[in-house]
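A look at the structure
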Amino acid sequence: MPHDDHDHPHALLPPEPALRVKALETILTRKGLIDPAALDEIIDTYQNRIGPQNGARVVAKAWSDPEFRAALLEDATPVVAGLGYYGRQGEHIVVVENTPAQHNMVVCTLCSCYPWPLLGIPPGWYKSDAYRARAVREPRKVLAEFGVTLAEGTSVRVWDSTAEIRYLILPMRPEGTEGLTEDELAALVTRDSMIGTGLPKVPA
Amino acid sequence: MSDCIAHMAPEPVFAEPWHAQIFAVTVALNEAGRFDWPDWAARFSATLKRNGLDHALDGGDDYFHAWLETLEALLAEQGTALPDDVRGLHQAWEEAYLTTPHGQPVHLRDS
């Protein structure tokens, strides 16, 4: 950073794009199209209240409750809405299940469509050109870079998200988790396991 | 690529405050019905594709640069925020920062 000295005579100048954003905000606020307090609320929600813990709760419930699981795989949107998770952009959420025969992973080749209500804001790598191009072309190699090696005979299916449809992977329940509560199970469900680039943690 | 994928440490939701601001402005405008999300995604996708032609985008700062570029173009096209007005306010904010004593809140002069 160029400005680190305490004797600086004026306020620290934000980076150029930040000033462009402030310019837009000023225009939109003056026109009454946005409310600065509502912006703070949106940021707070995505920074603090929405994240992979939501998706983990859904997965843990599906592992514990066969009826919930069946309903989730049938039509996830109303089921997760029932838990308070619904898309702000009106998209449908589709849950796909990993099985011994098929592993699933999610990408958005269009831009970075992602199930925000369940996983929050996507990580940088999900938004990178490298992941977006290679997940489709060489999924096994990408999985290997994430440390995921699949059993021989397990096929890989890649699901391409859109603005209308966002996917959540339902990973396989790890062995040795019989008798765990939903909260204990949720703690095993990682963000990457719900994107398909990871597997759930195994209980210690 | 490997670096980017091997990076498993938790990262902040938004790396820069302006990333969060532009995200929130876009979500707020969508919720207010100023554009629908599939239209936004198609425009954003086109920007990413264009910007990714000469180098691979890393999904960090360049991702939000593309986001900002897309929103500016959309609002200009709608007549909601015209480029001249945006440039004028950009300059006004810059002047406000450069003329406000360090440590004091920064306000636009004419507001």
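About the cut-offs
- Residues numbered from 1 in each chain as written.
- Chains lettered and ligands numbered in written order.
- Predicted model: local features only at pLDDT ≥ 70, side-chain atom pairs only at ≥ 80, totals over all residues.
- Heavy atoms only, no water.
- Axes fitted to C-alpha atoms, helices over the stretch in contact; angles between N-to-C directions.
- Helix = DSSP H or I, 4+ residues; strand = E, 2+ residues; numbered from the N terminus.
- Left-handed = near helix turned anticlockwise from the far one by under 90°.
- Contact = heavy atoms within 4.5 Å.
- Nonpolar A, V, L, I, M, F, W, Y, C, P; charged D, E, K, R; others polar.
- Buried area = accessible area lost by both parts, 1.4 Å probe.
- Polar contact = N/O pair within 3.5 Å; in protein donor to acceptor, adjacent residues only side chain to side chain.
- Phe/Tyr/Trp six-rings, centres within 6.5 Å; stacked < 30°, edge-to-face > 60°.
- Buried < 20%, exposed > 50% of the residue type's maximum accessible area, 1.4 Å probe, protein only.
- Lys NZ or Arg CZ within 6 Å of the ring centre and 35° of its normal.
- Domains from an automatic or database assignment.

Turning to the packing of helix H1 (residues 16-30) of chain A against helix H4 (residues 61-78) of chain B, a few remarks are in order. Axis separation between H1 of chain A and H4 of chain B bottoms out at 11 Å; the angle between their running directions is 35°. Regarding H1 of chain A and H4 of chain B, the two cross each other, and that crossing is left-handed. The segment H1 of chain A lies against H4 of chain B, with Pro17, Arg20, Val21, Leu24 and Leu28 of chain A engaging His65, Leu68, Glu69, Leu71, Glu72 and Leu75 of chain B. Of the residues in the contact of H1 of chain A with H4 of chain B, the class split is seven nonpolar, one polar and three charged.

For the rest of this paragraph, the subject is the environment of Ala66 of chain B. Residues and elements named next belong to chain B. Along the chain, Ala66 turns up in helix H4. Between the alpha carbons of Ala66 and Arg50 there is a distance of 9.3 Å; along the sequence they are 16 residues apart. Among all residues touching Ala66, those that are not within four sequence positions of it are Phe44, Thr47, Leu48 and Asn51.

This next bit is on the interface of chain B and chain A. Taken together, the contact between chain B and chain A spans 60 residues of the former and 54 residues of the latter. Of the roughly 5,200 Å² buried between chain B and chain A, counting both surfaces, carbon and sulfur atoms make up 70%. Inspection of the region where chain B meets chain A yields eleven residue pairs in polar contact (both at pLDDT 80 or more). For the side of chain B that touches chain A, the secondary-structure elements that each account for two or more residues are helix H1 (2-6), helix H2 (17-31), helix H3 (37-51), H4 and helix H5 (83-99) of chain B.

Moving on, we come to the packing of aromatic side chains. Within this structure, the stated rule accounts for 23 aromatic pairs over all chains. Taken together, a centroid distance of 5.9 Å and an interplanar angle of 50° make the contact between Phe23 of chain B and Trp67 of chain B tilted. Here Phe23 of chain B is found in helix H2, whereas its partner Trp67 of chain B is found in helix H4, with 44 residues between them in sequence. You can call Trp67 of chain B buried: its relative accessible area is 3%. Members of the aromatic cluster, connected to one another through ring pairs, are Tyr46 and Trp116 of chain A together with Phe14, Phe23, Phe35, Trp37, Trp40, Phe44, Tyr63, Phe64 and Trp67 of chain B. If you follow Lys61 of chain A out to its NZ or CZ, it ends over the ring of Phe68 of chain A, 5.4 Å from the centre. A cation over a ring is seen here: Arg166 of chain A above Trp116 of chain A, with NZ or CZ 5.9 Å from the ring centre.

The domains assigned to chain A are domain 1 (16-47) and domain 2 (50-195). Once you take the C-alpha centre of each, domain 1 of chain A and domain 2 of chain A turn out to be 31 Å apart.

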